[in-house]
Amino acid sequence: MSLFRTPLLKKLPTLIALAILTITIGCGKQSSGIVLRMAHTLNTSHPVHAAMEHMAEQLKESSSGQMELKIYPGSQLGSERETIELLQLGAIDLVKTSTSPLEGFIPGMGVFGIPYVFRSEKHFWNVLDGDIGKQLMELGMDKKLRGLCYYDAGSRSFYTKGKPIQSPADLKGLKIRVQNSQTSIRMIEAMGGSATPIAFGELYTALDQGVVDGAENNPPSLLTSRHYEVCKYYSLDEHTMVPDIVLIGTETWDRLTEEQREWLQAAADSSVTFQRNLWQQKTQETMDKLKEGGVEIIHPDKQPFRDAVKELHDSFKGTEAGKWMEAVLKQE
Ligand code: GCU
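What you see is a predicted model; the values in this text were computed from it and never measured. (Residues numbered from 1 in each chain as written. Predicted model: local features only at pLDDT ≥ 70, side-chain atom pairs only at ≥ 80, totals over all residues. Heavy atoms only, no water.)

## Quick word on the pattern of salt bridges
Across all of its chains, the model carries 16 salt bridges by this definition. A salt bridge links K144 to E251, with the nearest nitrogen and oxygen atoms 2.9 Å apart. With K144 in the loop between α7 (131-138) and β4 (145-151) and E251 in helix α11 (residues 250-255), this pair connects stretches of sequence that are 107 residues apart. Linking K282 and E285 is a salt bridge whose minimum nitrogen-to-oxygen distance equals 3.6 Å. On the criterion of helical spacing, the pair formed by K282 and E285 is a turn pair, its members being three residues apart in helix α12 (residues 258-292). Accessibility expressed as a relative area gives 29% for K282, which makes it partly exposed. (Salt bridge = Lys/Arg side-chain N within 4 Å of Asp/Glu carboxyl O. Helix = DSSP H or I, 4+ residues; strand = E, 2+ residues; numbered from the N terminus. Buried < 20%, exposed > 50% of the residue type's maximum accessible area, 1.4 Å probe, protein only.)

Listed below in structure tokens is the structure:
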């Protein structure tokens, strides 16, 4: 596992988190029920955090207080990659992550990072709610990662500091922050920009200090991370639809009884319905708040962006992500 392969100093925050969690586990044992610890990177004002809170409430209610979900938001326990590693080690029980950094563990998940692979929202949900979505969730079992549910994370688009992105040509010479994902790096390069992977929790400072010229994300993440304070141009090219996913460590899952698993899965399923509604409700409100915050919203012609990634699509042929891309393209 990479925790043991990377220099110790670099992993210090993860190791400190592990130590804190060991103390937490100790406390957890004194309570009569089961306390599951869940980590994610988003702020508590984000609609995806609200979904996890809903899941926690449902779990507590259906288990009559026998099971609890303790949520550690805002990258408290590290980046998404680090928390996935903590999950594999059994140091935490659940993680909510974007599927992008997950492709480093489960290559098939890279399919979501391929730009313009989905034709519409309907196509996207047919994939996630159908066999492909289910099969992808099961791919991580031998890596100790079990998928519980997907959350809506809308479409990702560019936001920049100095100038708006009207076409891929505007990305030339710009450093764009990407998630920890090879597919994202290749996408930016195909469009003519220069990709810099940075953890979400470190991005505000990186933008502010000019380490990067821009980034890309969905509207609620741009708003709740306050990156819009620094980046005043938001270009809705909607290059990818990368879902969020809730993962449980297989060690934790194996420890639960059949009844406890049912409570947890039902709470996760209920949070999915809750989150999809909330996301729809928040869409207009989010855009209004961004405009009030001084953000100029640009609606560029998407065709030049699609054209720029045609060769990238072809280059996935024969790869694991490419195999899933073929299946996605065939889906109604
Ligand atoms: C989205 C996603 C997060 C992720 C973030 C990122 O906001 O919901 O899970 O951390 O993108 O760009 O890193």
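## Notes on the site of the ligand
Around the ligand lies a shell formed by T41, L42, E80, K96, S98, R156, R177, Q179, F200, N217, S221 and D244. Here an oxygen atom of the ligand and a side-chain polar atom of K96 are 2.7 Å apart. Bound to the protein, the ligand loses 98% of the 320 Å² it would expose on its own. Tallied by class, the residues present in the shell around the ligand amount to two nonpolar, five polar and five charged. (Near = heavy atom within 4 Å. Polar contact = N/O pair within 3.5 Å; in protein donor to acceptor, adjacent residues only side chain to side chain. Areas by Shrake-Rupley, 256 points an atom, 1.4 Å probe, with all protein chains shown as cover. Nonpolar A, V, L, I, M, F, W, Y, C, P; charged D, E, K, R; others polar.)

## Considering the packing of α7 against helix α15 (residues 320-330)
The contact between α7 and α15 brings their axes to 10 Å, and the two run at 160 degrees. Classed by the angle they form, the pair α7 and α15 counts as roughly antiparallel. Where α7 abuts α15, its residues I132, Q135 and L136 lie against W324, A327 and V328. Here the contact of α7 with α15 is composed, by residue class, of five nonpolar, one polar and no charged. (Axes fitted to C-alpha atoms, helices over the stretch in contact; angles between N-to-C directions. Parallel < 35°, antiparallel > 145°, perpendicular 65-115°, else oblique. Contact = heavy atoms within 4.5 Å.)

## Describing α15
Because an α-helix completes one turn every 3.6 residues, residues spaced three or four positions apart along the sequence face the same direction. For α15, the full list of buried residues reads A321, G322, W324, M325 and V328. The buried side chains of α15 occupy one side of the element, clustering within an arc of 160 degrees when seen end-on. Looking at the buried positions of α15, the neighbouring elements they touch are α6 (121-129), α7 and α14 (310-315). (Arc of directions from axis to C-beta.)

## Digging into the nonpolar core
Generally speaking, nonpolar side chains in soluble globular proteins are found buried as a group. One finds L102, M109, F118, L136, F158 and M191 to be the most contacted residues of the largest nonpolar core, which totals 50 residues. For this core, the secondary-structure elements that each account for two or more residues are α4 (80-89), α6, α7, β4, β6 (175-178), α8 (182-191), β10 (244-249) and α15. If we ignore the near neighbours within four places in the chain, the residues touching M109 are T99, L102, E103, L136, M137, Y150 and I245. Counting residues in hydrophobic clusters, the runner-up holds 27 residues, among them L36, L42, W253 and W279. (Core = buried A, V, L, I, M, F, W, Y, C linked by side-chain atoms within 4.5 Å.)

## Regarding the confidence of the model for the protein
In the predicted model, the protein carries a mean pLDDT of 93, and the fraction of residues at 70 or more is 90%. Across residues 1-9, where pLDDT falls below 50, the model places 14 contacts with residues more than four positions away in sequence or in other chains. Overall, residues 22-30 carries pLDDT values under 50, and its contacts beyond four positions in sequence, including any with other chains, amount to five contacts. (pLDDT = per-residue confidence, 0-100.)

## A short note on unusual backbone geometry
Phi is positive for S64, which is not a glycine, with a value near 50 degrees. With respect to the helices, strands and loops of the structure, S64 is situated in the loop between α3 (47-62) and β2 (67-72). One non-glycine residue with positive phi stands out, namely Y116, at about 55 degrees. Checked against the element boundaries, Y116 lands in the loop between α5 (99-102) and α6.

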